[in-house]
Amino acid sequence: DEFLELSKTETYKSVLFVFDFKGVWCGPCKMIAPFVEYLKFEYTKPITDLLNSHNVLFNIIDIDDEDYSSFVKYFEIAKLPSFVYVKNTGYLPFI
């Protein structure tokens, strides 16, 4: 809930957050990893440009990392790889 509130703030309201949920043991996750890294490199702008452009912030999340267990539960991740897109008003899961 805190993250969704943050995404609605003036600083982040034009930012598209992309969450890539993966597992280190997941074969398909490993196959698409280079493409996800390419997208991350191609579309992520410096934090100082957030207010001046449409920006994308990529977050690659290992579902086995306990630090992210609340994200995995909140977004109801059941299959891998999974992507969730968040922009100011809510989220759209894409599996």
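Criteria and thresholds
Residues numbered from 1 in each chain as written. Predicted model: local features only at pLDDT ≥ 70, side-chain atom pairs only at ≥ 80, totals over all residues. Heavy atoms only, no water. Helix = DSSP H or I, 4+ residues; strand = E, 2+ residues; numbered from the N terminus. Buried < 20%, exposed > 50% of the residue type's maximum accessible area, 1.4 Å probe, protein only. Contact = heavy atoms within 4.5 Å. Areas by Shrake-Rupley, 256 points an atom, 1.4 Å probe, with all protein chains shown as cover. Core = buried A, V, L, I, M, F, W, Y, C linked by side-chain atoms within 4.5 Å. Phe/Tyr/Trp six-rings, centres within 6.5 Å; stacked < 30°, edge-to-face > 60°. Lys, Arg positive; Asp, Glu negative; His and termini not counted. Salt bridge = Lys/Arg side-chain N within 4 Å of Asp/Glu carboxyl O. Polar contact = N/O pair within 3.5 Å; in protein donor to acceptor, adjacent residues only side chain to side chain.

Peer 1: Break down the overall build of the protein for me, with residues and values.
Peer 2: Broken down by element type, the protein carries three helices and four strands. Each helix and strand of the protein, placed in order from N terminus to C terminus, yields the pattern α-β-α-β-α-β-β. Within the protein, the proportion of its 95 residues that are buried is 29%. In the protein, the proportion of contacts linking residues at least 24 apart, taken out of those at least 6 apart, comes to 65%. In the structure as shown, the protein presents an accessible area of about 6400 Å², 59% of it carried by carbon and sulfur atoms.

Peer 1: Help me get a handle on the nonpolar core, residues and values and all.
Peer 2: In this structure, Tyr 12, Val 15, Phe 17, Phe 19, Phe 21, Leu 57, Ile 61, Val 72, Phe 75, Ile 77, Val 84 and Val 86 together form the largest nonpolar core, which totals 12 residues. At the level of secondary structure, the elements contributing two or more residues to this core comprise β1 (15–22), β2 (55–62) and β3 (82–87). Top contributing element to this core by residue count: β1, with four residues. In terms of nonpolar packing, the next biggest core, distinct from the first, is built from five residues, Val 18, Val 36, Val 56 and Phe 58 among them.

Peer 1: Can you explain the packing of aromatic side chains? Please cite residues and give values.
Peer 2: The tally for this structure, following the rule as stated, stands at eight aromatic pairs. Taking the centre distance of 5.1 Å and the plane angle of 85° together, the rings of Tyr 74 and Phe 75 count as edge-to-face. For Phe 75, a relative accessible area of 4% gives the class buried. Linked through ring pairs, Phe 19, Phe 21, Tyr 68, Phe 71, Tyr 74 and Phe 75 together constitute an aromatic cluster.

Peer 1: I'd like to hear about the side chain of Asp 20, residue by residue, with values.
Peer 2: Mapped onto the secondary structure, Asp 20 falls in strand β1. Buried charge without a partner: Asp 20 forms no salt bridge, and the closest opposite charge is Lys 22, 6.6 Å away. The residues contacting Asp 20, other than those within four sequence positions of it, are Val 36, Asn 59, Ile 60, Ile 61, Ser 82 and Phe 83.

Peer 1: Describe the side chain of Ser 82, and please don't skip the residues or the numbers.
Peer 2: Mapped onto the elements, Ser 82 comes out in strand β3. Among the polar contacts made by the side chain of Ser 82, one reaches the main-chain carbonyl oxygen of Lys 79 at a distance of 2.3 Å.

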